[in-house]
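Architecture and fold: a report
Each chain, written out:
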Amino acid sequence: EDFKKYDAIVCNYTSYPKIEGHRWPAATEKAFLDYIAAGHGFVLFHAASTAWGDWPEFGDLIGLTWQKNKATGKNISGHGAQHPFAVTITDKQHPITAGMPDFQHVKDELYHRQLLHATAHVLATTLSAKEMRGSGEQEPMVVVTEHGQGRIFHCAMGHDEKAMAGLGFQ
């Protein structure tokens with residue numbers, strides 16, 4: 001429960017495919033949210049967007065989560081075949097992406113049909129190509145949110161060490 005000794009937390013935790021029923025104790029959840037609100041950072045990537053699907057505050061905190069069809073319980077979100085893809089910087093004025101050019105990302109999973117929460121600000125997107133079993137839509141790849149004085153950075157890329165070694169991810 002003592003997160004305060006850290007300036008920021010980096011996370012790629014997932015309980016996929018069982019994204020519900022793995023919540024922290026209430027005191028730990030509160031301590032984590034209080035830690036962020038007090039001005040600390042939270043950085044997450046790829047699979048962490050599938051964690052804690054039954055913790056609404058976490059979804060708002062990270063801004064981009066997997067979603068299920070309420071009637072069937074099946075995932076709406078997913079990914080097609082792994083492949084390289086182009087990433088477009090959509091906010092060239094944000095401090096994180098200022099001066100950053102669009103780039104080609106290495107072979108990776110490209111999540112599609114994720115739920116973009118109202119709390120999220122999109123910094124980068126990519127086309128989820130239908131020929132790669134994608135959505136055919138521009139999908140958010142990098143979003144940021146704020147919680148109190150804290151800031152959250154969420155990158156949907158980074159399925160494995162090869163994807164994380166790509167210059168775009170770095």
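Predicted, not measured: the structure shown is a model, and the values here were computed from it.

Taken as a whole, this structure holds three salt bridges when the rule is applied. Across the pair Arg 23 and Glu 29 runs a salt bridge, and its minimum N-O distance is 2.7 Å. For Asp 34, the salt bridge is made with Lys 30, and the minimal N-O distance between the two is 2.5 Å. Pair noted here: Asp 34 and Lys 30 are both in helix H1 (residues 26-37), with a separation of four residues, about one helical turn.

Turning next to the side chain of Glu 139. Here Glu 139 is to be found in strand S10 (residues 138-147). Those residues in contact with Glu 139, other than ones at most four positions away along the chain, are Leu 110, Tyr 111, His 112, Arg 113, Gln 114, Ala 124, Thr 125, Thr 126 and Ser 128.

This brings us to the sheet that holds strand S6 (residues 103-108). The strand order across the open sheet formed by seven strands is S1-S2-S11-S10-S9-S5-S6, and the pairing between neighbours is mixed. Edge positions in the open sheet fall to strand S1 (8-11) and S6, since each of these has one partner strand only. Taken pair by pair, the neighbouring strands of this sheet meet at an average axis angle of 20°, ignoring direction. Summarising the sheet, strand S9 (residues 121-127) and S10 pair through six bridges and their orientation is antiparallel. Looking at S10, one finds that Ala 124 is bridged to Val 142.

Calculation criteria
Here the residue numbering is sequential within each chain, running from 1 through the sequence in written order. With the structure being a predicted model, the display of local features is reserved for residues of pLDDT at least 70 and the display and counting of side-chain atom pairs for 80 or more, all residues being used for whole-chain, interface and lining totals. As a rule here, side-chain values cover all heavy atoms of the structure and leave hydrogens and water aside. Salt bridge, as applied in this entry: a Lys or Arg side-chain nitrogen positioned within 4 Å of an Asp or Glu carboxyl oxygen. Secondary structure is summarised from DSSP: a helix means a run of H or I of at least four residues, a strand means a run of E of at least two, and numbering begins at the N terminus for each. By definition in these notes, contact holds between two residues if any of their heavy atoms fall within 4.5 Å. Strands were regarded as paired on the criterion that DSSP finds at least two bridges between them. Lines are fitted to the C-alpha atoms to define the axes, a helix being fitted only along its stretch in contact, and any angle between axes, read from their N-to-C directions, falls within 0 to 180 degrees.

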